[in-house]
Amino acid sequence: MAGKLTRSNRAGWLFALPGFSLLFLFIIIPFFFAFWLSLTNQRLVSPNPTEFVGLKNYSELLRLSVLTLEPERDDAGQIVRDANGEIRYPRVRTITRSGDFPEYRGMREWFRWQSGENAKVVVASNVVFMKALTNTLTFALFIVPLQGGGALLLALLINQKLRGINAFRTIYFMPVVISIVVISLLWRFIYDGEDGLLNNILAWLTFGFFEPVDWLGKSDTALGSIIAMSAWQAVGFHMVIWLAGLQTISPTLYEAAAIEGASKWQTFRYVTWPGLRNTAILVLIVITMQAFAIFAQIDVMTNGGPLDSTQTLVFQAVERGYGRQDISGGSTISVILFVMVLMISAVQGILTRERT
Amino acid sequence: MKLKTATFGVLAASTMLAGAASAQTTLGLWYHGAGNEVESRILNGIIDDFNAAQSDWSVTVESFPQESYNDSVVAAALAGNLPCILDVDGPVMPNWAWAGYMVPLPISEDALAGHLDATIGRWDGQVYSVGLWDAAVSLYARQSTLDELGLRTPTLASPWSGEEFMAALGAAKASGKYDYALDLGMAWTGEWYPYAFSPFLQSFGGDIVDRSTYKSAEGTLNGDAGIAFAEWWQSLFTEGYSPGTSQDPADRDSGFINGKYAFAWNGNWAAAATLDAGVDDVVFLPAPDFGNGSTIGAASWQFGVSSSCSHPEGAAAFVEFALQDKYLAEFSDGIGLIPSTKEAAAMTERYAEGGPLAVYFDLSKEQALVRPVTPGYVVAAKVFEKALADIANGADPADTLDAAVDEIDRDIENNQGYGH
Amino acid sequence: MALVSAENRGLRLAARYATLTLVALVFMFPLVFMVVSSFKPDQQLLSDTSSLRAFLPVGDISLDNYYAAFRRAPIGLFMLNSVFVTVTTVLLSILLCSLAAFSFVFLEWTGRNVLLTIILATLIIPFETIAVPLLLFVSKLPWLGMEGIAWGWLNTYRVQIIPWIVDALTVFLFVQFFKDLPRELIEAARVEGASWFMIYRKIVMPLSGPVLATAAILKSLKMYNEQYLWPLIVVQDEAHRPVMVGLGYFFQLQIAWGEVMAYLTLISVPVIGFYLLMQRAFISSIASTGVKG
């Protein structure tokens, strides 16, 4: 029935075409070009001709193997243990760098676990990429609820009729106004390990009991620090989207809820939240996409360190493509990222599909 | 469009005034000094003098922020939009020359007589670029600190040995007067790492790549000398002598001046600021000798000709003009760099015989070793930087160097040997 | 009885303001730090960062950093460039993205779902990864100007505007909000013979205040604050440089932090002004947008 009224091929194409053409020209075509680059040996700066290399770039990034290390034994056949009683194993470099195992050449240890008295070592052809992959996933996993939930709370807090509420709304939005590059520079002062503001405030709150932490300089706190800062910075961005969503909910619905005597929670659960369905999908997807694209914070604050604890995929793509002039390698990382996020959003799409 | 006209009317008018003088052929020049007032003023002065001094060429300058200058040039080269005269960082030049961004500079050897070696960029047996100055690194210390700690003052002829250096750091640490004994400048990421720290590796007997073939880093970077260097490097951080990669950039700028650090490994460009800040008894000491001599990095910004320049002779004329001692001296006085010639140094306030920074001219002359002269340096430098940062943060020295070697060698292979 | 409830209300109001203020402090401090620091000499600025003095205009306060910043870089030019590029892009973006979203939500046509899926998939492509291909592409594009056809888009405003007009986020934003608009209104108008463009202009757009404001705010932030890599590689002359590239002027070997803060404070003014304008125009008018009748 509705179909009859809304069916119009001509108008549909006419309205969508200008926008789609621009997107096609300036994003889709370059992306296909990047995909093609990932199948070649193209360098950023080089006089050498471009050659097609098939999936070589992909295998150089993704190749994994498991090595089994047997304990070192002394002449009597006893397992050698170090001072702490830990079993001593031969170094991985004796395998990866020996001529006997050319298949492991160039691979490095990613992680290992104990299996009986042997050690199983996972070696990767590009450990940095593997770390970037896991860090990016970790970042996304934490930032989505932090930012999405935090932004919704802020939006609800600010969506009331109070004198001066506009001023608060503007203030909450402030961190978004300043570019992330600049925010990252400022937070380097805040996170400073010796006399940084955060350490000083924590010391003051705990009457001096707090031991200063080198937030960005330790591999176990660096990523967490960047997550916290990123959530704080972009929460205002998503607050604006939630706010717009809140405003599409008719006041009459709230009035009806008030007449029915609904509690605050009931009003949220049965009026606000259902009305925010489409906004929620939008926010979820946008945060996920932005999380996978994290770059500037890393570039300014840690350069991927310490010990690769803050490497991310886009940072690696840029570092390879521009820093190391390996534009085909950088493009390969982008394509892998694209395919991965596409799969994740397909899953998100299935999960958020309207249940009818 | 209206907005555009209004905004740029002023600009257009000034260019027209400059261009109206004669039928000179215009040569574009790109420079890395946007935002540096003094540098821009001096460069503009040279250009004005040159344009007035002859009637064939007219040079126009476009300045870029230094931090992104190389990216701008690479992008312009990809898009086929390079200017005639290019400003290029010494160690990067072979990369651009090999890639075909630059062509040899048709300048006579006479014009280069008496120049510090490192200010002349050679690649493939030809001169590609020439610099008006060089930069040098030294160990900053206060004479009073040395006296207090009972340390011998090292000289160019007899620098500290590795043991003496470590003993000095130990003494500074034991005194308890400093946050850290040594500021290496870990906050300055990027080219600073290979430029400032690879001379230590060279003094240990290693290098970033094997300079005899430029085909591999195996055994050079991760050989015994390399591993000894890396273990020493790691000890600077595990022993608490130096702040690590998370150093506050502000501390790098002012920590030595404020007395937070006993020693600082810093460039001559920071010397003037240190003197001006009232550190009267600052001394600039040569690098320690870890067995293979005391050495420092060399080669700074230089001028060359791009391959899209249709008048290389015009470019060469400008470069030759700019190489006059008075300009070298002017730049040196203005931005604190080491003039390329002895004569120019004599004309400066600080580098003249007996001047407060004269020691730098000698450092550059005696100890400077250019970074590996290969198109692959740009990538190798990045790999080296990451390896140093990782080792400073506790990564296994041997494994990290192995990984660096693998990456450098793979890069050389992927570039078909970089033309060596 | 009435007295107690009034007291309660007062308390609850106070609690509300206390919460709002507390949250405000968390979000305000970098901005305060930035503005306050812009009046301090570098030495003091840096030593103040370890204490709450960082947020107080105390010590040696002057406008010196501002004078120095204006001497260092043509700030007015950079801001004009950025504002021009941002405003043009935002206006065109809102028009083209909302038109496309309109056709995706309200019209049925062959290829609709495929096109929408493709557009949404482009959300995932980080710009950094297509910068080089795009550079090669725009450097060869033609342009019909006053003097006939010119080749290559480098060193222009258009190269900073046209590739950025349409982005998946803005289309998506409009799509999600249009879904919440009452379809009956549109069908009714259709029955009365209104053209699709009339429906777009007279019915949908007037109901879209909040989403228009949101789209404009988000897009302008992106254009004004995040345009760094692209202008860096496609604009070689100072005359077309935007503010974020201009930031590089302040990062010399010794970073002039005070000037950086002064520059940042200056360039933030248009964005904050724009947000206030949008907020006044759309967001605060909650009561007047009774959309769902």
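These figures come from a predicted structure and were not determined experimentally.

Draft legend 1. Expanded view of the packing of helix H9 (residues 222-246) of chain A against helix H12 (residues 277-292) of chain A. Residues and elements named next belong to chain A. Here H9 crosses H12 at 165 degrees, and the two axes come no closer than 10 Å. One way to sum up the angle between H9 and H12 is to call them roughly antiparallel. H12 is crossed by H9, and the crossing has right-handed handedness. In this structure, H9 uses Phe237, His238, Ile241, Trp242 and Gly245 to contact H12, whose residues at the interface are Thr279, Ala280, Leu282, Val283, Val286, Ile287 and Gln290. Of the residues contributing to the contact of H9 with H12, the split by class is eight nonpolar, four polar and no charged.

Draft legend 2. How the structure looks around the side chain of Thr136 of chain A. Residues and elements named next belong to chain A. Turning to its location among the elements, Thr136 is positioned in helix H5 (residues 127-158). The buried category is assigned to Thr136, whose relative accessible area is 0%. What Thr136 contacts, discounting residues up to four positions off in sequence, is Ala291, Phe292, Thr312 and Leu313.

Draft legend 3. Quick peek at the packing of aromatic side chains. A complete count under the given rule lists 84 aromatic pairs over all chains for this structure. On the numbers, 5.1 Å between centres and 65 degrees between planes, the contact of Trp13 of chain A with Trp109 of chain C is edge-to-face. Of the two residues, Trp13 of chain A is situated in helix H2 (residues 9-37) and Trp109 of chain C in the loop between helix H4 (75-106) and helix H5 (112-121); the pairing between them involves two chains. Since its relative accessible area comes to 4%, Trp109 of chain C is described here as buried. A cation over an aromatic ring shows up here: Arg269 of chain A above the ring of Tyr270 of chain A, its NZ or CZ 5.2 Å from the ring centre. The ring of Phe64 of chain B is capped by Arg241 of chain C, whose NZ or CZ atom sits 4.9 Å from the centre of that ring.

Draft legend 4. Structural context of the domain arrangement of chain A. Residue and element names in this part refer to chain A. According to the domain assignment, chain A contains domain 1 (64-124) and domain 2 (128-352). For domain 1 versus domain 2, the distance between C-alpha centres works out to 40 Å. Residue-level contacts link four residues of domain 1 with four residues of domain 2. Across the interface of domain 1 and domain 2, roughly 310 Å² is buried in total on both sides, 78% from carbon and sulfur atoms. It is Leu64, Arg108 and Trp110 in domain 1 that bury the most area against domain 2; as a group they hold 90% of the surface buried on that side. Our count for the domain 1 to domain 2 interface comes out at zero salt bridges.

Draft legend 5. Main features of the pairing of strand E8 (residues 137-142) of chain B. Residue and element names in this part refer to chain B. Within E8, six of the six residues are buried, leaving the element largely enclosed by the surrounding structure. Here E8 runs beside strand E10 (residues 261-267); their pairing, made up of four bridges, is antiparallel. Opposite Tyr140, over in E10, you have Ala264 as the bridge partner. Looking at chain direction, E8 and strand E11 (residues 282-285) are connected through four bridges and run antiparallel. Across the sheet, residue Tyr140 finds its bridge partner in E11, namely Phe284.

Draft legend 6. Structural view of the pairing of strand E13 (residues 301-306) of chain B. Residues and elements named next belong to chain B. In terms of burial, E13 is a largely internal element, six of the six residues being buried. In terms of strand pairing, strand E3 (residues 85-89) meets E13 through five bridges, oriented antiparallel. Looking at E13, one finds that Val88 is bridged to Gln302. Here strand E4 (residues 102-103) runs beside E13; their pairing, made up of two bridges, is antiparallel. Counterpart to Val103 in the pairing with E13 is Val305. As judged from the two bridges shared by strand E6 (residues 126-130) and E13, these two strands associate in the antiparallel manner. Counterpart to Ser129 in the pairing with E13 is Gly304.

Draft legend 7. Empty space enclosed by the protein, seen in detail. Throughout the structure, instances matching the rule amount to 14 cavities of 30 Å³ or more. In this structure, the largest cavity occupies an estimated 310 Å³ of space. Looking at the lining of the largest cavity, the elements that each hand over two or more residues are H5 and helix H14 (313-323) of chain A together with helix H15 (377-392) and helix H16 (397-414) of chain B. The element best represented in the lining of the largest cavity is H16 of chain B, accounting for six residues. The residue inventory of the lining of the largest cavity, partitioned by class, reads seven nonpolar, five polar and nine charged. Size it by volume and the second largest cavity reaches roughly 130 Å³. Lining the second largest cavity are Arg43, Glu60, Arg320, Arg324 and Asp326 of chain A together with Val379, Glu407, Arg410, Asp411 and Asn414 of chain B. The element contributing the most residues to the lining of the second largest cavity is H16 of chain B, with four residues.

Rules and cut-offs
Chains are numbered independently. Their residues run from 1 in the order of the written sequence. Each chain takes a letter, starting from A, and each ligand takes a number, starting from 1, following the order in which they are written. For this predicted model, a pLDDT threshold of at least 70 governs which residues receive local features, and a threshold of 80 or more governs which side-chain atom pairs are given and counted, while totals over whole chains, interfaces and linings are taken from all residues. Note: side-chain values were computed over all heavy atoms of the structure, leaving out hydrogens and water. Each axis is a line fitted through C-alpha atoms, taken for helices only over the stretch in contact, and angles between the N-to-C directions span 0 to 180 degrees. In this text, helices come from DSSP runs of H or I with a minimum length of four residues, and strands from runs of E with a minimum of two, each type numbered from the N-terminal end. An angle below 35 degrees is treated as roughly parallel, one above 145 as roughly antiparallel, one from 65 to 115 as roughly perpendicular, and anything else as oblique. Less than a right angle of anticlockwise turn of the near helix away from the far helix marks a crossing as left-handed, whereas a clockwise turn marks it as right-handed. Contacts: residue pairs with any heavy atoms within 4.5 Å of one another. Each residue gets one label: Ala, Val, Leu, Ile, Met, Phe, Trp, Tyr, Cys and Pro are nonpolar, Asp, Glu, Lys and Arg are charged, and the others, such as Gly, are polar. Each residue is assigned to one of three classes by its accessible area relative to the maximum for its type, calculated with a 1.4 Å probe on protein chains only: buried under 20%, partly exposed between the two thresholds, exposed over 50%. For Phe, Tyr and Trp, rings pair up if their centres lie within 6.5 Å, where Trp contributes its six-membered ring, and each pair is then called stacked (planes under 30 degrees apart), edge-to-face (over 60) or tilted (otherwise). Here, a charge over a ring is recorded when the distance from Lys NZ or Arg CZ to the ring centre is within 6 Å and its angle to the ring normal is within 35 degrees. Residue ranges for the domains trace back to a domain assignment, done automatically or taken from a database. Buried area is a sum: the accessible area each of two parts loses on coming together, probed at 1.4 Å, counted once for each and added. Salt bridge, as applied in this entry: a Lys or Arg side-chain nitrogen positioned within 4 Å of an Asp or Glu carboxyl oxygen. Following DSSP output, two strands are said to pair if at least two bridges run between them. Grid points spaced at 1 Å and placed over the protein atoms alone form the basis of the search, with a cavity being a set where a 1.4 Å probe fits but cannot get out and a pocket an open set showing protein on both sides within 12 Å along at least five of seven lines. Lining residues have an atom within 4 Å of a point. Grid points are joined across faces, edges and corners, and a volume is the space filled by probe spheres set on the points.

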